[in-house]
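Structure assessment
Here's the letter readout for the chains.
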Amino acid sequence: MNTQTAAETREHIYISPFTDIIEEENGYRLVADIPGAEKELLSLTVENNTIEFSAETGAEFNENNQGMAQDAVYTYRRAFRLGDEIDTAKIEAAYDKGTLTITLPKSEKAQPRKIAIENH
């Protein structure tokens, strides 16, 4: 007799999603593809100059979908080390149709500034 529950028999698959890193004038933008994830199951944390995001999604097996593992849990997870020039208090994120966009602004002291030249 098999006494395992459905949750105990689920296969767990970890995925490191493709992520574009784009440098902009005032900071960086991370754009990650995490299809199938629901916004409510997304997690984004910053700790010790590391930003990490993760999302869990499930997939049910059916005979027409042979590419998916039977009754599996898929976890997207990716982490990046942040430089000291990032203002971690001003990080923002948005999620739309399978794409997570994270804005990493540079701190004011890390941004270029113009210095006036005076006459003496």
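It should be noted that the structure appears before, not after, this text.
Quick summary incoming for the structure in this document.

Scoring rules and cut-offs
Residues numbered from 1 in each chain as written. Predicted model: local features only at pLDDT ≥ 70, side-chain atom pairs only at ≥ 80, totals over all residues. Heavy atoms only, no water. Helix = DSSP H or I, 4+ residues; strand = E, 2+ residues; numbered from the N terminus. Buried < 20%, exposed > 50% of the residue type's maximum accessible area, 1.4 Å probe, protein only. Contact = heavy atoms within 4.5 Å. Pairing = 2+ DSSP bridges. Axes fitted to C-alpha atoms, helices over the stretch in contact; angles between N-to-C directions. Polar contact = N/O pair within 3.5 Å; in protein donor to acceptor, adjacent residues only side chain to side chain. Core = buried A, V, L, I, M, F, W, Y, C linked by side-chain atoms within 4.5 Å.

Turning next to the overall build of the chain. On a plain count of helices and strands, the chain comes out with 1 helix and 8 strands. Looking at the chain as a whole, 28% of its 120 residues qualify as buried. Counted over contacts in the chain with a minimum sequence separation of 6, partners at least 24 positions apart contribute 55%.

Take the environment of Gly98 next. With respect to the helices and strands, Gly98 occurs in the loop between β7 (92–96) and β8 (99–105). In the structure, Gly98 is positioned 66 residues away from Ala32 in sequence and 8.4 Å away in space, judged by C-alpha atoms. With sequence-adjacent residues up to four places away left out, Gly98 is seen in contact with Ala32, Asp33, Ile34 and Pro35.

This part takes up unusual backbone geometry. Its identity is not glycine, yet Asn48 carries a phi of approximately 50 degrees, on the positive side. As for its position among the elements, Asn48 is in the loop between β4 (42–47) and β5 (50–59). Residue Asn48 is classed as exposed on the basis of its relative accessible area, which comes to 62%. Positive phi outside glycine occurs at Lys97, with the angle close to 50 degrees. Note on placement: Lys97 falls in the loop between β7 and β8. We classify Lys97 as exposed; its relative accessible area is 78%.

In terms of strand pairing, strand β3 (residues 27–33) meets β8 through 7 bridges, oriented antiparallel. Paired with Leu30 across the two strands is Ile102, which belongs to β8. Where β7 folds back on β8, the antiparallel hairpin that results is connected by 2 residues, among which Lys97 adopts a positive phi of roughly 50 degrees.

If you walk across this open sheet you meet the 4 strands as β2-β3-β8-β7, and the pairing is antiparallel. Across the chains shown, the open sheet's two edge strands, defined by having one partner strand only, are β2 (19–24) and β7. The average undirected angle you get between the axes of adjacent strands in this sheet is 15 degrees. Taken together, the 6 bridges between β2 and β3 define a ladder with antiparallel strand orientation. Within β3, the position partnered with Asp20 by the bridge is Val31.

Mapping Thr57 onto the fold places it in strand β5. Within polar-contact distance, the side chain of Thr57 engages the backbone oxygen of Gly36 at 3.0 Å. Ignoring any residue separated from it by four or fewer positions in sequence, one finds Thr57 in contact with Gly36, Ala37, Ala72, Val73, Tyr74 and Tyr76.

Attention now goes to the nonpolar core. In terms of nonpolar packing, the biggest core is built from 16 residues, with Ile34, Ile51, Phe53, Ile91, Leu100, Ile102 and Leu104 touching the most fellow members. Broken down by secondary-structure element, the contributors of at least two residues to this core are β3, β5, β6 (72–81) and β8. Those residues in contact with Leu104, other than ones at most four positions away along the chain, are Asn26, Gly27, Tyr28, Leu30, Ile51, Leu82, Ile86 and Ile91.

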